[in-house]
Amino acid sequence: MNNFGIAIHGGAGTILKSEMTSEKEEAYKNALQAALDAGYNVLAQRSTSLEAVEAAVRSLEDCPLFNAGKGAVFNAEGQHEMDASIMEGKNLQAGAIAAVRNLKNPVSLAHKVLQFSDHVLLFGEGAEIFAKDHNIEFETDDYFYDQYRFDQWQKVKGSDTFVLDHSKEKKYLGTVGAVALDKEGNLAAATSTGGMTNKKFGRVGDSPIIGAGNYANNKTCAISCTGSGEYLMRSVTAYDVSCLMEYKGLSLKDASDEAILKRLTDIGGDGGLIAMDAQGNICMPFNCEGMYRASKNQNETIIEIYK
């Protein structure tokens, strides 16, 4: 099979175009390029789509520009609480983790859950024990400290307000993800996030919820979502795209547009998704100002932020 490829996102909503400097834009695009290359190189070596999406998301988690891993936002207690999931489309195997702390690469723990657990989703302290049993790398709180994220938290600390990533007056949304099709024709998807600034009560969003923020099925597509998680969960957005393709016969583009530009929009949700089907087609719709996104196959490389 020759039409292998990968798509990634670094969050929807993003910084307002009017506030984006050329230096900042270059930094984001360089980071997207690095993650894209990390995943694509895995595919080019005939490795699996599952390994490719993990490699791409690890690269994004290692970059403080994105709300995942090293760049995770602060919760109400001043901690970094992270969620991630990964899924493969051949056998519908999936692994996810929620509300974990101090993990360098949450997506890698999600992959271990897929491989070595009878469960799909592990939470909090139990997930961290599982991580230690499988030699997942931990980091100290200092590793996750970022001045921009800290300042963001200070503005709402002690209040009932929460902030979605780059939010100012409007909602700007942060999560990272990847979808890929390998040379064997297998699809996979991965999603990772630090959630909301100042989030309380152990809030978990859509990113670790299979079918809401992440889904893969070789019959249809691989999806990774980003945006207002509560709305994506209510809409079961990732699975919705697959269902529209499988049961209504829609194309990847039509199904993705229906899920984001109509269904999510109709209930007041902001966000977007990256999608790839079994033929290697790629779609990256969003209903907000922008979405950090990139894709690469044998024919072209795309790296974009705004519409």
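Each remark here, short or long, concerns the structure printed above.
This section reports on the structure supplied with the text. As the structure is a prediction and not an experimental result, all values here were calculated from the model.

### Observations concerning helix H3 (residues 106-116)
Of all 11 residues making up H3, 8 are buried, and the element is well covered by its neighbours. For H3, every residue scored as buried is listed here: Pro-106, Val-107, Ser-108, Leu-109, Ala-110, His-111, Val-113 and Leu-114. Structurally, H3 contributes buried residues whose contacts are with helix H2 (49-61), strand E2 (82-88), strand E3 (94-100), strand E4 (121-123), helix H4 (124-133) and strand E6 (187-193).

### Concerning the sheet that holds E6
One key point about sheets: their strands pair by backbone hydrogen bonds, in either a parallel or an antiparallel sense. The 8 strands lie next to each other as E4-E3-E2-E6-E5-E1-E11-E12, forming an open sheet whose pairing is mixed. Bordering the open sheet on either side are E4 and strand E12 (301-306), each of which pairs with just one other strand. Adjacent strand axes in the sheet meet at a mean angle of 5°, parallel and antiparallel pairs treated alike. Across 6 bridges, strand E5 (residues 176-181) lies against E6 in antiparallel orientation. Note on E6: the bridge partner recorded for Ala-178 is Ala-190. In the packing of H3 onto the sheet, contacts are made with E2, E3, E4 and E6, and the angle to E2 comes to roughly 45°.

### As for the nonpolar core
Of all hydrophobic cores here, the largest spans 50 residues; its most connected members are Ile-6, Ile-8, Phe-66, Ile-86, Ile-97, Leu-109 and Tyr-292. Sort the elements by how many residues they give to this core and helix H1 (residues 22-44) lands first, with 8 residues. Each residue touching Leu-109, except ones within four places of it in the same chain, is listed here: Ile-97, Val-100, Leu-103, Ala-127, Phe-130, Ala-131 and Ile-136.

### Brief notes about a nonpolar patch on the surface
A surface patch of nonpolar side chains, amounting to about 300 Å² of accessible area, comprises Val-236, Tyr-239 and Tyr-247. Inspection of the secondary structure puts Val-236 in the loop between helix H7 (229-235) and helix H8 (237-248).

### Some points on the side chain of Ser-295
Tracing the backbone shows Ser-295 in strand E11 (residues 290-297). When its relative accessible area of 5% is taken as the criterion, Ser-295 is described as buried. Not counting residues within four places of it along the chain, the set of residues in contact with Ser-295 comprises Ile-6, Ala-7, Leu-36, Ile-282, Met-284, Glu-300, Thr-301 and Ile-302.

### Thoughts on the sheet that holds strand E8 (residues 221-227)
If you trace the 4 strands from one edge of the open sheet to the other, you get E7-E8-E9-E10, paired in antiparallel fashion. Each edge of the sheet is formed by a strand with only one pairing partner; in this case those strands are strand E7 (214-216) and strand E10 (282-283). With 7 bridges connecting them, E8 and strand E9 (residues 271-277) associate as antiparallel partners. Following the sheet pairing, Ile-223 is matched in E9 by Ala-275. Running at roughly 145° to E8, H8 makes contact with E7, E8 and E9 of the sheet. With respect to the sheet, helix H9 (residues 252-266) is in contact with E8, E9 and E10, its orientation differing from that of E9 by roughly 165°.

Conventions and cut-offs
Residues numbered from 1 in each chain as written. Predicted model: local features only at pLDDT ≥ 70, side-chain atom pairs only at ≥ 80, totals over all residues. Heavy atoms only, no water. Buried < 20%, exposed > 50% of the residue type's maximum accessible area, 1.4 Å probe, protein only. Helix = DSSP H or I, 4+ residues; strand = E, 2+ residues; numbered from the N terminus. Contact = heavy atoms within 4.5 Å. Pairing = 2+ DSSP bridges. Axes fitted to C-alpha atoms, helices over the stretch in contact; angles between N-to-C directions. Core = buried A, V, L, I, M, F, W, Y, C linked by side-chain atoms within 4.5 Å. Patch = residues over 30% accessible without salt bridge, like charges linked within 9 Å, V, L, I, M, F, W, Y side chains within 5 Å. Areas by Shrake-Rupley, 256 points an atom, 1.4 Å probe, with all protein chains shown as cover. Salt bridge = Lys/Arg side-chain N within 4 Å of Asp/Glu carboxyl O.

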